[in-house]
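Observations on chain architecture
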Amino acid sequence: MALTRWIRRNLVVLAGLGTLAYLLLPNVVVLVFSFNKPNGRFNYAWQRFSTDAWTHPCGVADLCGSLSLSLKIAVWATIGATVLGTMIAFALARYRFRARPAVNSLIFLPMAMPEVVMAASLATLFLNMGVGFGFWTILIAHIMFCLSFVVTAVKARVMSMDPRLEQAAQDLYASPAQTFARVTLPIAAPGIAAGALLSFALSFDDFIITNFNAGSTVTFPMFVWGSAQRGTPVQINVIGTAMFAVAVVCVLVGQLVGARRKRS
Amino acid sequence: MSVSRRAARTPLRENAVRKRLVPYWLLLPGILWLLVFFAAPLVYQASTSVQTGSLEEGFKVTWHFSTYWDALSAYYPQFLRSVLYAATATVLCLLLGYPLAYLIAFRAGRWRNLLMILVIAPFFTSFLIRTLAWKTILSDGGPVVGALGSLHVLDVTAHLGITEGQRVLATPLAVVCGLTYNFLPFMILPLYTSLERIDGRLHEAAGDLYARPVTTFRKVTFPLSMPGVVAGTLLTFIPAAGDYINAELLGSTDQKMIGNVVQSQFLRVLDYPTAAALSFILMAAILAMVTVYIRTSGTEDLV
């Protein structure tokens, strides 16, 4: 009786934790199977414990090359999308002008469009313009789909900021450039950082749009996709686990820094 | 507003004009990028869908509208399957995601940040790697299939036609499971955002008025979280309907969705008009469904 009462009272907690387990289960499997020594080409069944893959993470041809290519594209796409997106966000949050509704819908549409549709149409354009697929077409596509997410993140932050802070700076004889650098930018920074982080993750992980616009260039997700047919090396699990660990550490550090700043 | 007022105060008219142009200069590069690499390709795609020809001879616009009809009559099973799978995954995401979003928003206390991190962190591991992990989890003779089999769940699901024999991989169940898994964070985050905004005192007030927890949820919490529900279902349904990764990795040829068809028409068959027509039909179908959904759910301010 007591047990059923307890379960009934904590039903939400139990269901929520169940969902969390569902979300994290693949990560656990990826971690465990990074220590596997598979018999054949496919790393789907547990054979025996080994740390080989961890000591030779680049032991598979093309894997680390595709990884560094993806990192390079993600960095450039993040820079491009963050700069362009922040400018649009400031224009939308700070100014009233006639084209605002049109601009807002142009920003919203790429987020509401299935990726295949965007991917196929951009590839059709490149194909007909005779542009060779490769690094540049991937970068152009990535900046295109990351842009809207940056605008949304930065706009939310700038909208919630008190315009009187900037007026105060101007009243204290700060030049517009000084006001921007010393007041506006620091306040908008968390929004810009969130947008940049999101673009990095989206670009690094994108498969669908890249698959249509990469030609024979192989990014990391495309390497993983190809390896699913040819036989997945254990090293993929190593990299998946390392990415998860780096992400968790980054977010934890960010939280600690944020908490300390709030206290001081 | 303050900006324009300050501009009006400056004596030089030239300065005022320059200030009025500031937003346009800020917008120019980014909007140009979207127009050239997002909007123009869609227009171009529309013209491709009414072209005929071949890769060797080149394609010409011949206003060949029957490509649409041919594509639709050849691939309507994949269309229907996409809508069905995506809708099922969306409902499952809502059912699974709501308790977790609720838990983080109201019951987590000092664990809130940690739980949030655990929801977001999988985002940063390659989703293809995580989807491949489901192949291991659901593998034939694996623990999940073993447990479901011994509980006779697989007999029931096989009877319903969502699994086959004693296996889960390469069945509709596996594909829907993968879709649900992959898009779950897109449901949880908007749900959490809208739940977090709800004033906790409303719950107390409902309790003071002798509402049972279930009644409080039904009459107070859920209606107030509707913006999150609408945003979450859209963010889940739209990408799920166009996805081809889950069907490819976890399904078989019997579970192909429309994304798989577009992909193979474009990248393997090189039949660009058909690929263009198919992606336009997908876009139109989604647009129509989303419009109806937003109308009926009554939050038109969303779009």
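Note that residues are indexed from 1 along each chain, following the sequence as it is written. Working convention: letters from A go to chains and numbers from 1 go to ligands, in the order in which they are written. Selection of residues for local features in this predicted model requires a pLDDT of at least 70, selection of side-chain atom pairs for listing and counting requires 80 or more, and totals for whole chains, interfaces and linings are taken over all residues. Only hydrogens and water are set aside when side-chain values are computed; all heavy atoms of the structure are taken into account.

Bringing the overall build of chain A into the picture now. In terms of regular secondary structure, chain A is built from twelve helices and zero strands. For chain A, the succession of helices and strands along the chain, N to C, is α-α-α-α-α-α-α-α-α-α-α-α. A radius of gyration in this sense is built from C-alpha atoms; the matching globule rule multiplies 2.2 Å by the number of residues raised to 0.38. Here chain A has a C-alpha radius of gyration of 23 Å; the compact-globule value for 264 residues is 18 Å, and the former is much larger. Along the first, second and third principal axes, the C-alpha atoms of chain A reach 70 × 70 × 35 Å. With a 1.4 Å probe rolled over the protein chains alone, any residue whose accessible area is under 20% of its type maximum counts as buried; one over 50% counts as exposed, and the rest are partly exposed. Split into buried and exposed, the 264 residues of chain A put 48% on the buried side. Per-residue and other accessible areas were derived by the Shrake-Rupley procedure at a 1.4 Å probe size, with only the shown protein chains allowed to occlude residues. When the accessible surface of chain A is summed, it comes to about 13,000 Å², and 67% of that surface belongs to carbon and sulfur atoms. Taking the average place of the 20 positive charges on the side chains of chain A and the average place of its 8 negative ones, the gap between the two points comes to 10 Å. Runs of H or I in DSSP of at least four residues are treated as helices and runs of E of at least two as strands, each being numbered from the N terminus. As used throughout, the charge tally considers Lys and Arg to be positive and Asp and Glu to be negative, leaving His and the chain termini uncounted. To locate a charge, take NZ of a lysine, CZ of an arginine, CG of an aspartate or CD of a glutamate.

Residues and elements named next belong to chain B. Structurally, chain B comprises domain 1 (2-49) and domain 2 (69-297). An automatic or database domain assignment is the source of the domain bounds shown. Once you take the C-alpha centre of each, domain 1 and domain 2 turn out to be 37 Å apart. Should any heavy atoms of two residues lie within 4.5 Å, those residues are considered in contact. Opposite the five residues of domain 1 that make contact, domain 2 presents seven residues. Here the quantity called buried area is the accessible surface, traced with a 1.4 Å probe, that two parts lose on coming together, added over both. Carbon and sulfur atoms supply 76% of the area that domain 1 and domain 2 bury against each other, a total of about 460 Å² over both sides. Of all residues in domain 1, Gln-45, Thr-48 and Ser-49 bury the most surface against domain 2, accounting for 75% of the area lost on that side. Salt bridge criterion: a side-chain nitrogen from Lys or Arg within 4 Å of a carboxyl oxygen from Asp or Glu. Along the contact surface separating domain 1 from domain 2 lie zero salt bridges. We define a polar contact as two N or O atoms separated by no more than 3.5 Å, with the added condition that, inside protein, one atom must be a possible hydrogen donor and the other a possible acceptor, whereas residues neighbouring each other in sequence contribute only through side-chain atom pairs. Put simply, domain 1 and domain 2 have one residue pair in polar contact (both at pLDDT 80 or more) between them. Any residue that is not Ala, Val, Leu, Ile, Met, Phe, Trp, Tyr, Cys, Pro, Asp, Glu, Lys or Arg is counted as polar, Gly included; the first ten are nonpolar and the last four charged. In terms of residue class, the side of domain 1 that touches domain 2 is built from two nonpolar, three polar and no charged.

So, about the pattern of salt bridges. Inspection of the entire model under this criterion finds six salt bridges over all chains. Here Asp-52 of chain A and Lys-37 of chain A are joined by a salt bridge, their closest N and O atoms 2.8 Å apart. One end of the pair, Asp-52 of chain A, is in helix H3 (residues 52-55); the other, Lys-37 of chain A, is in the loop between helix H2 (11-33) and H3, with 15 residues separating them in the sequence. Overall, the relative accessible area of 38% leaves Asp-52 of chain A in the partly exposed class. Its relative accessible area of 31% is what places Lys-37 of chain A among the partly exposed residues. Residues Glu-196 of chain B and Arg-112 of chain B are paired through a salt bridge, measuring 3.4 Å at the closest nitrogen-oxygen approach. Highlighted residues: Glu-196 of chain B in helix H8 (residues 172-196) and Arg-112 of chain B in helix H4 (residues 112-120), separated in sequence by 84 residues. Residue classification places Glu-196 of chain B among the partly exposed positions, given a relative accessible area of 39%. Judged by relative accessible area, Arg-112 of chain B falls into the partly exposed class, the value being 25%.

UniProt positions are given in the numbering used here, feature names are shortened, and annotations may be inferred rather than shown by experiment. Feature annotation in UniProt places "domain: ABC transmembrane type-1" (unreviewed entry) on residues 67-257 of chain A, given in this structure's numbering. The span residues 67-257 of chain A is 82% helix and 0% strand, and its two end C-alpha atoms sit 29 Å from each other.

Before going further, it helps to examine the side chain of Thr-216 of chain B. All names here are of chain B. Mapped onto the elements of the fold, Thr-216 is located in helix H10 (residues 213-224). A relative accessible area of 10% means that Thr-216 is categorised as buried. Leaving out residues up to four positions away in the same chain, Thr-216 has contacts with His-203, Ala-206, Ala-211 and Thr-221.

Of the residues lining the interface, 81 residues belong to chain A; the matching set on chain B comes to 75 residues. In total, about 7,400 Å² of surface goes out of reach between chain A and chain B, with carbon and sulfur atoms giving 80% of it. Per-residue buried area on chain A facing chain B is highest for Tyr-22, Leu-23 and Trp-225 of chain A; these three make up 9% of the total on that side. Summed over the shared surface of chain A and chain B, the number is zero salt bridges. Counting every contact that joins chain A to chain B gives eleven residue pairs in polar contact (both at pLDDT 80 or more).

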